[in-house]
Number of protein chains: 2
Amino acid sequence: MTHRFPDLASTPCGEATPPPDQMLPGVHPKVLRDELVAAAEWVSQYLSSLPAGPVSRPMSPRRRARLRESPLARTGAELGEVLDFVREEIAPFPTGNGHPAFFAWVNSPPAPAGIIAELLAGAVNATCGMGENALMDLERGTVRTLADLAGLPDGTGGVLTSGGSMANLLALATARTWFLTRRGSGDGPAYDRDHARLTLYYGAQAHMSVAKAAACIGLPAHRLRPIPTDAHDRLEPAALRAAVTADLDAGLLPFCAVTTLGTTATGAVDPIEPVTDLCRSVGMWHHADGAWGGLGAAVPALAPLYRGIGGIDSLTVDPHKTLSVPVGCGALLVPDPEHLHTAFAHRASYLTASEPDTLPWLSHSTVELTRPGTRALALWATLHHLGRDGVSTLIEYYLSLAEQLRDKISAQPGLELLAGGPWPVACFRITHHGGDPDALHVRVAQRVQAAGRAYLATVSVRGHTVLRACLCNYRTTTDDLDLLIREVIHAADAGHQPPPVVNERPAHRQ
Amino acid sequence: MTHRFPDLASTPCGEATPPPDQMLPGVHPKVLRDELVAAAEWVSQYLSSLPAGPVSRPMSPRRRARLRESPLARTGAELGEVLDFVREEIAPFPTGNGHPAFFAWVNSPPAPAGIIAELLAGAVNATCGMGENALMDLERGTVRTLADLAGLPDGTGGVLTSGGSMANLLALATARTWFLTRRGSGDGPAYDRDHARLTLYYGAQAHMSVAKAAACIGLPAHRLRPIPTDAHDRLEPAALRAAVTADLDAGLLPFCAVTTLGTTATGAVDPIEPVTDLCRSVGMWHHADGAWGGLGAAVPALAPLYRGIGGIDSLTVDPHKTLSVPVGCGALLVPDPEHLHTAFAHRASYLTASEPDTLPWLSHSTVELTRPGTRALALWATLHHLGRDGVSTLIEYYLSLAEQLRDKISAQPGLELLAGGPWPVACFRITHHGGDPDALHVRVAQRVQAAGRAYLATVSVRGHTVLRACLCNYRTTTDDLDLLIREVIHAADAGHQPPPVVNERPAHRQ
C-alpha cells in the first residue's frame, strides 16, 4: 500500500474535501483552485480601489504587538485564512508606495505584469543558482537587456539581487578580489598586508549602502573616503584625484571609486568619464551605483550625462525602483563577468553537475546558492509589457511630473525650491514661518503623513532638513502634485503646534 | 486638466479596453482581473498535473539561447503574454523540485499557502527595511516563531534573508564586529592589526557557503580552518580545540566556530554543547548553520541532539528547505539581537524617521534596505497553515520516508547503503559492476535524470562519488521510493555504456 502524506493531488476534484486535520500541508485541488482565484480577484479589486483610500494608516500598538507576538497555534488553519488575514491585518497598513500620492524615498508601486509573474514564479519555484532550468537562462537574458538599456558593452554579464544594497556589496567584493588578485595578493601574508591598506572612494552624496557594504566586506571606517561634491551635489573629480594621490603617497592602496547615478537626496548624476580616466590611470575599479538612475542612457533627455558609461567596471541598477518591478529586484552588471566569477565561484562535491555546463552557474556570480526565480520572471514580464519604448516613456513621464512639481513649488508663495534633478525629485522648504526650520519641516512631514491624503519625507540638503518629494509612481497624476502642495501648505499653516495624535482609523475593507 | 499616465485605475470597468500602445504600464482593470484569474486557474491546474509529467526535461540549445538572447521589443506586449510565456517556455523546463520523484540536493516543492502569499505580497509590495508597516511587524513575529521552534531563548531577534548563504554571511559579519568591538578594535590601526589575524573554524562537512561568506567578509583562505569530522561526519570537538589552541599559540585570533545542524552530504548534526563550551572559554562566537536542520528541536525524535541549542550565539534556518516556503526564504536568528544591530545599523539623512521608532528597523539587522515582504508573508502563511503540530509532523514524515528508503536500499541486491541521517537522506553505491565506481555513479545519475521519471544527484562521501537521495518533498510517497530504486537499478544495468543522447521532448502543455 502506498504510504502518502496528505497531498495536493491525492484527491480527485469533485470528491468531498477531507477534514482540515488531514489537509496539512496538502490541500484538496478544488480548495486550492478556489483560494487562488479568490486571491486573484481580491488583488485586482485592491489595486483598483487603492487610490480612493488613505495613503497610509497608523496602526495601534495593540495591533502591531499582535503581529509580532501571536504564538503559532498547535493545529493548522484553513487555506482561506491567508487571504482573510492579508485583507484585514496587512493590506490596510502598507508602506503607502502603491498610492498615487506617495512621494517619499524611492519606492514605486508594483507593475501589473510583475504581480502576475510573482504568482507564476512562486508556483514554479525554481532554484536559480546551479544546474539548468529555464528561469536561469531567462535571468541571463534579463541581465543582457538591462545592460543594453544601460549602455554597457556586448558581453556584459551579471546577476539579479534582492536590491541595490546587495548589488553594491557584490561590486565591492568583486573589485577587492580583482585588485588583490592582480597584485598576487589573493591569499597568505600578502593578502593580510595589502587588505589592511585598501582604501575606497565615493561621493559624499552616495547611498549609505556603499559604506555599509564596505563595512561588511572588511573595510574599517578609517579607510573610507567620502569625497566632496559640487554645488549640484556631484562628486568633484579633482577632489577625488587629490584624495587618491594623498593615499598613494601615504602607502595606502586605492582600489575602487564609486560614482552615483541618481543620488537619493537630490537626483544628481556624478561625472562618469573623468572618474573612469582616473581609475584607469591608477589601477582602480570604477563602480557606478545606479540603483535609481542606472538606466539613464535609455532616455534621450538624460543620455548626454551617461557618455562613457560603457567604460565603467560595474553598475548597480534597481528595477524595483525605476521600472516598478515588485520588491526586491536589483542587479549588478559587470562588463567583464569573469571578474565576478573570480570573486564568487565556489564548488562543493554535492554541487558537481552531472553534465558539463556550458555556462557558468549563476551562484558563481553572487553570494546566494538557492536563489528565487521570481526576480527574473517579474523583471522579464515588466520589461516585456513595457517594451523598450515603454521604458523610456515611463522615465520621461517621471521627469515631466518632476518638472511640473518644481514649477508649482517655485510659483507657490510660502515655498522655495532648493534642489532636485536631473532625476525626478524636488527638495524644498517652507519660508516665512520663523522658529527652527529643521524642526518645522519634520513636523510638516509628520502632519502630512498623519492626514493620510499624501505622503512625503524629509532629507538633509547642505546641512538643512528640508522636504523632499520623489516621482517614481506611474499612477501619480498632476492632480496628485496639486494635492501634495495643498497638504504641505495646510500643514505649514498649523505652524509650530505639535502634530495631532492620530488614532487608528477603522480598517478599510477592500 | 489632469495630466495622467495611462493608468491601472483610469478607465472604469465596462468601458472599451484602450489599445495596447496606450496601456503601458497601466492596464484596464478588467484586463488585469481576467489575467490574474487566468494565472490563478493555471497555477492550480499546473500543481495538480505536475506528478503526471516528467520530473525534468532537457532544453534544446536553441530554446535556451532564445531565453538568453531575445532582444527587448520596441513596443510593449499584452499582459496575457506573461502567462502564455510561462506555460510554454518556463514551466515545462523546471529544476524538478516540484515533482514527487525529485530527490536531488535539498530543494522542496512550494507550499500552497506560500504560493498564495507570494501573489498577495507582490500586490501589497511593502518595503520592509525602514519606517513602519504591517509586514515588518509580521516579519518580527515570524522570526520569533522560528526562534521558538528552534529552541532559542525568549528575546531572540533576527531577520529573514533570501536563503542560508545570506544568513551565514550576516552571521560571520556579526561575529566579526562583536569580536573586534569587544577588543576595542572597531576601527583604526587596531582594526587593521586584529582583522589580519582573525581565524574561522567549521567542520569539514560544513556547507560551502560558509567559506564563501568568509571570503566575502574579508577572510583569506589561509585563515580558514576546516576541522576533521568523525565516522558519522560530525565535527570533532577535540580537533576543534587543538586547532584553536595552536592558532592562539601562534598569535592568531580565533573569533568564530561554525557547527552544522544537518550536513548537506549526509544529514549529520554536529555536537552543540561542547562547541559552545569551547567558544565561551576562549571568547569565540558560536554560529550554527541549520539551513536544513535548524528546527530539529521541534521534533521529539531529533530533540536530544539539540540539547544546549539555547546557548549558541546565532542560527541559520532555511524555511524554503525544511518547510516548503517558496524560494527564497532563509533566516538568521540571534539570541542577543543587539549584536546584529551593532554590525548593520547605518543611518542616512533621507532615512530619518519622522516619528521616533519604538523598534529597531529591520534594515539595521541586515545588508538590505529596501526589502521584500514576500518572505515574511509566505513564511507566516505556511506556518499558519501547518500549525505547530504540522511542522513536526512534516519533518517526521520525511524522517519516516528516509528510514524506508534506507531499508529498501539495504534490502536491494546490487545496492549498498553508505551513510545518511539523522536528517532524511540516503547515500548509497552500486555494487558488483567493476570499472571506475565514481564514473559509474555519475553516469547512473545522468541516466536517471535523462529518463525523466525520477531525479537524484551524486555526492562525495569519504572520498568516493556516490548516489544521494534527499527527502524534503511532501508530495513524495513510498511508491516514489520504489520508483527511484527501480530507476537506479535499471540505469546501473546499462553498465558503463555512455548515457543516451536525449533530444528535447515536445513541450508538455499544462
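Conventions we followed
Along each chain, the written sequence defines residue order, and numbers are assigned to residues from 1. The order in which chains are written sets their letters, starting at A; the order in which ligands are written sets their numbers, starting at 1. Where totals are concerned, whole chains, interfaces and linings use all residues; where local detail is concerned, this predicted model gives features only for residues with pLDDT of at least 70, and gives and counts side-chain atom pairs only at 80 or more. Here the side-chain values reflect all heavy atoms present in the structure, with hydrogen atoms and water set aside. UniProt positions are given in the numbering used here, feature names are shortened, and annotations may be inferred rather than shown by experiment. Each helix is a run of DSSP H or I of at least 4 residues and each strand a run of E of at least 2, with the numbering of both proceeding from the N terminus. Per-residue accessibility, obtained with a 1.4 Å probe over protein chains only, is compared with the maximum for each type, and a residue is labelled buried under 20%, exposed over 50%, and partly exposed between these values. The contact rule is simple, with two residues in contact once any of their heavy atoms fall within 4.5 Å. In these tables, accessible area is a Shrake-Rupley quantity obtained with a 1.4 Å probe, and a residue counts as shielded only by the protein chains included in the view. Accessible surface is computed with a 1.4 Å probe, and the buried area is the amount of it that two parts give up when combined, taken over both parts together. Salt bridges are defined by distance alone: a side-chain nitrogen of Lys or Arg within 4 Å of a carboxyl oxygen of Asp or Glu. The definition of a polar contact used here is a pair of N or O atoms within 3.5 Å, where within protein one atom must be able to donate a hydrogen and the other to accept one, and adjacent residues in sequence count solely through side-chain atom pairs. Classes in brief: Ala, Val, Leu, Ile, Met, Phe, Trp, Tyr, Cys and Pro nonpolar; Asp, Glu, Lys and Arg charged; the others, Gly included, polar. Overlaid copies result from least-squares superposition on C-alpha atoms, with residues included only where pLDDT is at least 70 in both. At least two DSSP bridges between two strands are required for those strands to pair. For helices, the axis comes from a line fit to the C-alpha atoms of the stretch in contact; other axes are also lines fit to C-alpha atoms, and the angle between any two N-to-C directions lies between 0 and 180 degrees.

- Naming follows an unreviewed UniProt entry, where chain A appears as Aspartate aminotransferase family protein of Streptomyces venezuelae.
- Recorded under Sequence similarities (unreviewed entry), the UniProt text for chain A is reproduced unchanged: "Belongs to the group II decarboxylase family."

**Digging into the overall build of chain A**
- Looking only at helices and strands, chain A has 15 helices and eleven strands in total.
- The burial tally for chain A puts 65% of its 510 residues in the buried class.
- Considering only intrachain contacts with a sequence separation of at least 6, the fraction spanning at least 24 residues in chain A is 71%.
- Counting only carbon and sulfur atoms, one obtains 52% of the accessible surface of chain A, whose full area is about 16,400 Å².

**Focus: the interface of chain A and chain B**
- Chain A puts 167 residues into the contact, and the matching count from chain B is 168 residues.
- Both sides of the chain A and chain B interface together cover about 14,800 Å² of buried area, and 65% of this is carbon and sulfur.
- In this assembly, chain A and chain B are joined by twelve salt bridges.
- Residue arginine 64 of chain A pairs with aspartate 137 of chain B through a salt bridge whose shortest N-O separation is 2.6 Å.
- Taken together, the links from chain A to chain B amount to 56 residue pairs in polar contact (both at pLDDT 80 or more).
- Per-element accounting of the side of chain A that touches chain B gives the leading share, 19 residues, to helix H13 (residues 374–411) of chain A.
- For the side of chain A that touches chain B, a count of residues per class yields 86 nonpolar, 49 polar and 32 charged.

**Some words on the relation of the copies chain A and chain B**
- In screw terms, the move from chain A to chain B is a rotation of 180° and a rise of 0.0 Å along the axis, fitting with an RMSD of 0.0 Å. Each copy turns onto its partner about a two-fold axis. It is isoleucine 217 of chain A whose C-alpha, among those of chain A, lies nearest the rotation axis, at 2.0 Å.
- Both copies present the same face, since 100% of the interface residues in chain A are matched by interface residues at the equivalent positions in chain B.

**Some thoughts on the environment of glycine 53 of chain B**
Residues and elements named next belong to chain B.
- Among the secondary structure elements, glycine 53 is positioned in the loop between helix H1 (29–49) and helix H2 (61–69).
- Exposure remark for glycine 53: the relative accessible area of 14% places this residue in the buried category.
- The spatial distance from the C-alpha of glycine 53 to the C-alpha of arginine 453 is 8.3 Å, given a sequence separation of 400 residues.

**Digging into H2 of chain B**
- All of the buried residues in H2 of chain B are Arg63, Arg64, Ala65, Leu67 and Arg68 of chain B.
- Along its buried surface, H2 of chain B packs onto helix H5 (134–150) of chain A together with helix H3 (81–90) of chain B.

**Points about the sheet that holds strand S9 (residues 425–430) of chain A**
All names here are of chain A.
- Taken in spatial order, the four strands make up an open sheet running S8-S9-S11-S10, and their pairing is antiparallel. Looking at which strands have only one partner, the edges of the open sheet turn out to be strand S8 (415–419) and strand S10 (457–461). Within the sheet, the average angular offset between the axes of one strand and its neighbour, ignoring direction, is 45°.
- Pairing of S8 with S9 involves four bridges; the strand directions are antiparallel. In the sheet register, leucine 415 faces S9, and the bridge partner there is isoleucine 430.
- Seen against the sheet, H13 touches S8, S9 and strand S11 (464–470) and runs at an angle of roughly 15° to S9.

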